[in-house]
Amino acid sequence: MAKILLEMKNITKTFPGVKALDNVNFKVEEGEIHALVGENGAGKSTLMNVLSGIYPYGTYEGDIVYDGEVCKFNKIKDSESKGIVIIHQELALVPEMTIGENMYLGNEVGSKAAIDWDKTYSEADKYLKMAGLTESSKIKVKEIGTGKQQLVEIAKALSKHARLLILDEPTSSLNEEDSKALLDLMLNFKKQGMTMIIITHKLNEVAYVSDKITVLRDGSTIETLDCHGAEKISEDRIIKGMVGREMTNRFPKRENVPIGDVMLEVSNWTVQHPKYTERNVVNDVSMNVRKGEVVGIYGLMGAGRTELAMSIFGQSYGTLLNGTLKINGQEVKLRKSPSDAIRHKIAYVTEDRKGNGLVLSQSIKVNTTLANLAAVSKNTVLDKDAEYAAAEDYRQKLKTKTPSVEQLVGNLSGGNQQKVLLAKWMFAEPDILILDEPTRGIDVGAKYEIYCIINDLAAAGKSVIMISSELPEVIGMSDRIYIMNASRIVGEMPASEATQENIMSMILASGRGD
Amino acid sequence: MNSRSIKAFLKKNTMIIALIIVIIFFSVTTGGKILYAQNINNLFSQNAYVFILATGMLCTILTGGNIDLSVGSVVCFTGGIGAVMMDRGINGFIAFFVMILVGLLIGMFQGFWVAYVSVPPFIVTLAGMYAFRGLSNVVLNGYSIGVRDEMFLKVFGGGADCYIPNFLGGGKLNMTCMVAGVVIAALMVVLNIKTWIARKVKGYSNESMTVEIARLVIFAALILWIAWKLSNYKGIPTVLIWICAILMIYHYITQKTAIGRYLYAVGGNRKATELSGVNTKKVFFLAYSNMGLMAGLAGVLTLARMAQGNPTFGQAYEMDAIAACFIGGASAYGGIGSVPGMVVGAILLGVINQGMSIMGMSTNYQSVVKGLVLLVAVMFDVVSKKKE
């Protein structure tokens, strides 16, 4: 048995109100690639932040034993000096600076008085080559594509003499070809004796590179699987560990809601990334939703779900290259503005309620009427009483818990904020509602209430598109499900036929490209 | 040279080309007066405060487009302190150190709020602008106080004789100045060639020899020309030494040291910088502390030039410094900008000011033109970025 390089013992990390990690145990042997898997919010990134010292010693309970000694890291530099280097999910590069400057940022070569630029660049070139890049380290980071930027991150890690390399979702922004190259690079590093931890959602990647798999769920370690053991680890086996919870009556039934004609239909919808024009974030997507129907779109993070929704909502993301949009059977050309979409009775309820959805520093009242001020004003002059009445009406309808509608939205809990966001868009009187992760980050009780609101909307004849990365939610709430992966719709099924396993395997099949 | 490399060249040196065009324009409209030795001399001595303040301002702007509105008031306040001290018979050099120290402390005070309490810099320095203007009045009791310390005036560029003494004589031509110019030009050429050869030997990538030689010839010619002009007037103004020293030190810091790198990195992507293990709060603190230090030094130079402390001095100085940085290519969002760029911006502003004064244009219209130049320069920058 090989030597244990890293052992994290009984790690518990609490944020105000949430226990993000609960007694997690995690062991990594020297020279292996260890995959850390789990659903969004299972605690993977938190665990790695504890390890790298972003959450300093003392803010968590438990011990980190690395290379035989107990470590107390206070900052990133401490863990890096031991050779533990983390590559974050979001690229941590400064676009306006050169590759070389980025690689040695915070780690400059030369004396205290002067950076030795010549040495910086020649060293940088050396590590770039090891990471499989032929670019000169003197060009700016913004001039290379995302795939290569990820390799720059790896070269940066190598330059820090990494012994334990942690990759947090390294392929989430890469296309298949670049992903494959990256994984092969990892296998190559393993041959040279490096130890790696990879966090990923893509189970085919897990199967491709890892020696061991640790599954986290709701902040606890569920199990560690050995890929070279007697039992062959199938992807279904991993999913079972990840999902694992019992499906009870978490979803209110929707009864006797007649499903009518097609309300919204998009065909051959193709959208280009706003910055990296060589990438299509939505690729040849065709879908529809009927009156009174709840359609679920399931896909992992980065599958293109939000991009699809936002591009339908008045092209508020990316550039539409191709595709037609029909409302009520009539082809509609939406101009590049959300207000045009709202006029055509489309509403998009964002996944990022704090960033894109609500004005946190304003009251419930102001937020509720924001998307449809015309309804509470006469000749552009606001009728404050009508506004108050409208907000109060929605407060009662959605059972928002607040002393008054004058309360600032920033002071509400996540679930109540989500209700205000829904109220805002319901007040805009749409026929088509696109709900993007409507229950993200809110507690179980509030989720149930949101589900009831969705059912009421469907019962009122509205068309609802619900985007979610929680499988049970998609299966429990939808009439019909589209499955999205890598910018495409890869499957469609009625909810009655859907199981977690067959949806997951559909994604995995498309991910492998067969 | 193909058309693409010409385009790249034009884009990289837009402001230098603009400066040359402006100089040619004013040479014609003023009948060559703008190139008189005295006017070259005045360009530096009148705008000394702009160079110094813009150096500090560049550092804060790099961290994310953050400006410091208080510097004009701080210049006035530190100047007032110096004037009062010397008026009471305290030695000019002690006064100098006190002024510099007060500037630094003010910078640290403001930097603390910006960096560690996260009060927006605009607010912190707006508060400072009011407060230190008021304190200037308190210190000076509302009056202007003259400076009679000859040594202080001479060293910091004020009074009638604020030039490097002419040891070498030479009659009408100030030999000391000319020789200094030749030595500096030669030194620059030799040092650059030395690094060029060293890089070649170590096998690092290098500029092509023709480009390198062309660059050196242009710079050497420029230095010699300025030296010749100044020699024909009264020699090297002492204030020019201060300006050059500060510019060189800060060019070095921004290009060659880790803290310089962090200024750019924080402005370019704060999160990424933090994840690279850099203490970003400290970077903000240092940028604003340094701005205070520069304001203190500008206070010294302004006090010497005016030969008095006055509670109205330094008004709108902050705006000149900010404009110089932005005209010189600094990004309003941070992360982009350089000392040489800023110098070009400051000189461009100075030349426009001076040219219009010589032409006898009213100061009201001068202000309008300055505003338009700033707008056009930044607009050009934004538009050319968009096209990329």
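Residues numbered from 1 in each chain as written. Chains lettered and ligands numbered in written order. Predicted model: local features only at pLDDT ≥ 70, side-chain atom pairs only at ≥ 80, totals over all residues.

Counting its regular elements, chain A contains 17 helices and 22 strands. Computed over C-alpha atoms, the radius of gyration of chain A comes to 25 Å, within 12% of the 24 Å expected from 2.2 N^0.38 for 514 residues, which places it in the range of a compact globule. (Helix = DSSP H or I, 4+ residues; strand = E, 2+ residues; numbered from the N terminus. Rg over C-alpha atoms; globule rule 2.2 N^0.38 Å.)

Right, let's get into the interface of chain A and chain B. Accessible area lost on assembly of the parts is the figure often given for the size of an interface. Facing the 20 residues of chain A at the interface are 20 residues of chain B. Broken down by element, the residue count for the side of chain A that touches chain B peaks at 3 residues, all from helix H2 (residues 76-81) of chain A. Its residues assigned to classes, the side of chain A that touches chain B shows 10 nonpolar, 3 polar and 7 charged. (Contact = placed C-beta atoms within 7 Å. Nonpolar A, V, L, I, M, F, W, Y, C, P; charged D, E, K, R; others polar.)

A separate point is the domain arrangement of chain A. Entries for chain A in the domain assignment read domain 1 (4-243), domain 2 (249-345 + 430-514) and domain 3 (351-429). One C-alpha centre belongs to domain 1 of chain A, the other to domain 3 of chain A; they are set 42 Å apart. (Domains from an automatic or database assignment.)

With that out of the way, let us pick up the sheet that holds strand E12 (residues 280-290) of chain A. All names here are of chain A. The sheet built from 4 strands is open, its strands ordered E12-E11-E14-E15 with antiparallel pairing. Bordering the open sheet on either side are E12 and strand E15 (330-331), each of which pairs with just one other strand. By the bridge criterion, 7 bridges tie strand E11 (residues 262-272) to strand E14 (residues 319-327) in an arrangement that is antiparallel. In the strand pairing of E14, Thr-270 is matched with Asn-322. Lying on the sheet, helix H9 (residues 305-312) is in contact with E11, E12 and E14; it crosses E12 at an angle near 70°. (Pairing = 2+ DSSP bridges. Axes fitted to C-alpha atoms, helices over the stretch in contact; angles between N-to-C directions.)

Turning our attention to the domain arrangement of chain B. All names here are of chain B. Considered domain by domain, chain B is made up of domain 1 (34-162 + 244-359) and domain 2 (169-236). The straight-line distance from the C-alpha centre of domain 1 to that of domain 2 is 28 Å. Contact residues are listed per partner, giving 4 residues for domain 1 and 5 residues for domain 2. Considered class by class, the residues forming the side of domain 1 that touches domain 2 number 2 nonpolar, 2 polar and no charged.

Residues separated by three or four positions in an α-helix point in the same direction, a consequence of the helix having 3.6 residues per turn. Residue and element names in this part refer to chain A. For H9, the buried fraction is high: 8 of the 8 residues fall into the buried class. Residues Arg-305, Thr-306, Glu-307, Leu-308, Ala-309, Met-310, Ser-311 and Ile-312 constitute the buried set of H9. Among the residues trailing H9, Gly-314 stands out with phi positive, at a value near 65°. (Buried ≥ 20, exposed ≤ 12 C-beta atoms within 10 Å, placed from the backbone.)

When pLDDT is averaged across chain B, the result is 90; 98% of the residues are at 70 or more. Across the predicted assembly, pTM comes out at 0.77 and ipTM at 0.73. (pLDDT = per-residue confidence, 0-100.)

Once that is clear, we can look at the sheet that holds strand E8 (residues 195-199) of chain A. Sheets are built from strands paired through backbone hydrogen bonds, the pairs being either parallel or antiparallel. All names here are of chain A. An order of E6-E7-E8-E3-E9-E10 is seen for the 6 strands of this open sheet, with the pairing classed as mixed. Taken across any chain shown, the strands that pair with only one partner, and hence form the sheet edges, are strand E6 (84-87) and strand E10 (220-226). Each strand axis lies, on average, 20° off the axis of its neighbour in the sheet, ignoring direction. Bridging between E6 and strand E7 (residues 164-168) involves 4 bridges; their strand directions are parallel. The partner of Ile-84 across the bridge, within E7, is Leu-164.

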